[in-house]
Amino acid sequence: MNREREIVKASIYGIIGNALLVAFKMAVGFMSHSIAIILDGVNNATDALSSIVTIVGKTWDEQVTRALLTTLDENLRMIRESVAYLKAQGLRVVFDAEHFFDGYKANPDFALACVRAASEAGADSIDLCETNGGALPHEVGEIVAAVKGAIDSLLPRCAFVMDEGGPRPIEDQDRAQALAVAEGLSDEALRVLAVAYKEINALPDALTPDTLETDLTFLGLVGMIDPPRPEAKAAVATCRRAGIKPVMITGDHVVTASAIARELGILTDGDRAITGAELDAMTDDELDAAVEQIAVYARVSPENKIRIVKAWQRKGQVVSMTGDGVNDAPALKAADIGCAMGITGTDVAKGAADMTLTDDNFATIVDAVREGRGIYANIRKVVGFLLGTNIGEVITVFAAMLLWRKTPLLSMQLLLINLATDSLPAIALGMEAVEADVMDKKPKPKSEGLFAHGLGVRIVLQGFLFALLTLIGFVAGEKATGTLAGGQTLAFMVLALSQVVQAYNMRSDRSLFAIGPFSNHKLNWAALASTALVALVLFTPVGIAFGLVTLPWQYYLLGLGLILAPLLVMEIAKLCGLIRHHGRK
């Protein structure tokens, strides 16, 4: 292969570094070039070098290839190692010291250190033309414009193709071959960039696409991959188990997007992938009919994104939208939950979103869904526990007054029950760990209430159960002692401690023994504290202040049996399916 020498001046801002390597490290083997990479600013230099080294050396140390460096030592090490590496690849690295200092006037010492680091590593210093600002540098009378872009946009601008013998007019078969290669790279989940260049005899007055990006010489294609994070595929699988349909909306080519989506499990058998143009051709009714089968949208516009969101909402679904760019803001605003990227997201996207993802990781969203489901489940448990026990208190007092015109519990006793055996266990119950199968349950409809799946009925029935047990204790205690205080003492003991037992019952719709009866350590401590407070007023002189008396020991055993009765009843109900664990159907 012939080796030609061209000097290219890049106005290097991050991704332009990619274009340089793309332009002169041909992907399809048309030619091999030795280039000089010109750096014209401190930050631009480190960004560009990192981008270039990333492509040239695919296994290069990740610490060297970071595009954003924050400390002087990191910048200097980056420059030295990158320049040395590029020179080892047969590339020439040159820099313009004057532009380094102009671009970093606020800290000339920093710029000087970077220039010295580049020089020590073997970079050469040159002077750029002062008259044309960011124009291309001249060497042996040549000016070269390097262009990169999507193949369907760049290929029509090419009039020539680089062959082993040099540039020649491009033919239809060349275009077909390039498109076929691009299709093959896209099938491998690679993002494809086409690269071309143009030699200019004289610098045009206006540096515009019309003057620089016509009659180009096609050089080749580069396939790049931004590999999915290892946890992304597992997160998508978790979404599907949870009844959540992940949909990919991207600006990539539809073939590339489909390959990546298929790898992640987003695009499965029976799903479709369409382009923004195909979406534009659909009416809203057609989109509504097809939206549940479309898993990938490629090359879409901001308007397309809003249509997708609204189509799902018309299906009655809760829609979460992620995005990072200004163009994503309308869709983020329209979604039920807009989630902006915290690292790469623009301020506009963050302002339009309901929440910001600090680590830009899809798996974190899935974790948040899991935690949200756990919190909702705990709210239902706490509400069910508090309402059931309090309804039991109300029914107890009302029934005793109606049947015997006696009060089974004094106001002080009821207050102590609410403080000791309602509050502490309820707080601990709200801290129950998320159940292992919470992501195997189907999503809850928007219209589903807090008391769905029979929770309201169970609360009322449990209230009657507590009232019945308490009234049994009241009658037994009164007969044993012959006094109203004796009945109130046993009623207080049964109602107070049966509520502690009920807190354990409410931990899950599954058997308490299947999840481990004492696996919630916070509830264990709360139950211990509540039991200690009840014991304090039952078995010490403190009980006199609450109107309690000492009972024969046999009646304490009777009370213990009544206290444990809710555990037996609830376990039988769960075993018989009267209380069902609502998993995925």
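Residues numbered from 1 in each chain as written. Predicted model: local features only at pLDDT ≥ 70, side-chain atom pairs only at ≥ 80, totals over all residues. Heavy atoms only, no water.

1. Concerning empty space enclosed by the protein
(1) Moving on: Going through the model one piece at a time under the given rule, you end up with 2 cavities of 30 Å³ or more.
(2) Moving on: As a volume, the second largest cavity reaches approximately 40 Å³.
(3) Moving on: Grouping the constituent residues of the lining of the second largest cavity by class yields 4 nonpolar, 2 polar and 4 charged. (1 Å grid on protein atoms, 1.4 Å probe; cavity = no way out; pocket = protein on both sides within 12 Å on 5 of 7 lines; lining within 4 Å. Points joined across faces, edges and corners; volume = space filled by probe spheres on them. Nonpolar A, V, L, I, M, F, W, Y, C, P; charged D, E, K, R; others polar.)

2. Quick notes on helix α11 (residues 254-264)
Structural remark: α-helix, 3.6 residues per turn; residues separated by three or four positions point the same way.
(1) Moving on: By the criterion of burial, α11 is predominantly enclosed, with 9 of the 11 residues buried.
(2) Moving on: Residues of α11 that are buried: Val-254, Val-255, Thr-256, Ala-257, Ser-258, Ala-259, Ile-260, Ala-261 and Leu-264.
(3) Moving on: Buried-residue contacts for α11 involve α8 (172-187), β8 (191-200), α10 (230-241), β10 (248-250), β11 (272-275) and β12 (294-298).
(4) Moving on: Directly after α11, the chain includes Gly-265, whose backbone phi takes a positive value near 90°. (Buried < 20%, exposed > 50% of the residue type's maximum accessible area, 1.4 Å probe, protein only. Helix = DSSP H or I, 4+ residues; strand = E, 2+ residues; numbered from the N terminus. Contact = heavy atoms within 4.5 Å.)

3. Concerning the packing of helix α18 (residues 411-429) against helix α22 (residues 521-539)
(1) Moving on: At a closest axis distance of 8 Å, the pairing of α18 and α22 adopts a crossing angle of 170°. The orientation of α18 with respect to α22, classified from their angle, is roughly antiparallel. Listed contacts from α22 to Leu-416, Ala-420, Thr-421, Leu-424, Pro-425 and Ala-428 of α18 are Lys-522, Leu-523, Ala-526, Ala-529, Ser-530, Leu-533, Val-534 and Val-537.
(2) Moving on: For the contact of α18 with α22, the residue count by class is 11 nonpolar, 2 polar and 1 charged. (Axes fitted to C-alpha atoms, helices over the stretch in contact; angles between N-to-C directions. Parallel < 35°, antiparallel > 145°, perpendicular 65-115°, else oblique.)

4. Overview of the nonpolar core
(1) Moving on: Formed by 42 residues in total, the largest nonpolar core has its most connected members in Phe-492 and Met-493.
(2) Moving on: Mapped onto this core, the elements with two or more residues apiece are α17 (362-404), α18, α19 (455-481), α20 (484-505), α22 and α23 (553-575).
(3) Moving on: Counting residues per element, this core draws most heavily on α20, which supplies 12 residues.
(4) Moving on: The residues touching Met-493, leaving out its near neighbours within four places in the chain, are Leu-538, Tyr-556, Gly-559, Leu-560 and Ile-563.
(5) Moving on: One finds Ile-274, Leu-287, Trp-312 and Val-319 within the second-largest nonpolar core, a separate group that totals 23 residues. (Core = buried A, V, L, I, M, F, W, Y, C linked by side-chain atoms within 4.5 Å.)

5. Some words on the pattern of salt bridges
(1) Moving on: Per the counting criterion, the structure on display carries 18 salt bridges.
(2) Moving on: In this structure, Asp-328 and Lys-305 form a salt bridge, with 2.3 Å as the shortest nitrogen-oxygen distance. Separated by 23 residues along the polypeptide, Asp-328 in the loop between β13 (320-323) and α15 (329-334) and Lys-305 in helix α14 (residues 302-314) bring together distant segments of the chain.
(3) Moving on: Exposure remark for Asp-328: the relative accessible area of 8% places this residue in the buried category.
(4) Moving on: Across the pair Arg-458 and Asp-509 runs a salt bridge, and its minimum N-O distance is 3.8 Å. Taken together, the positions of Arg-458 in helix α19 and Asp-509 in the loop between α20 and α21 (512-515) put the pair 51 residues apart, joining distant regions of the chain.
(5) Moving on: Since its relative accessible area comes to 14%, Arg-458 is described here as buried.
(6) Moving on: When its relative accessible area of 23% is taken as the criterion, Asp-509 is described as partly exposed.
(7) Moving on: The structure contains a network of salt bridges with shared partners spanning Asp-163, Arg-168 and Asp-174. (Salt bridge = Lys/Arg side-chain N within 4 Å of Asp/Glu carboxyl O.)

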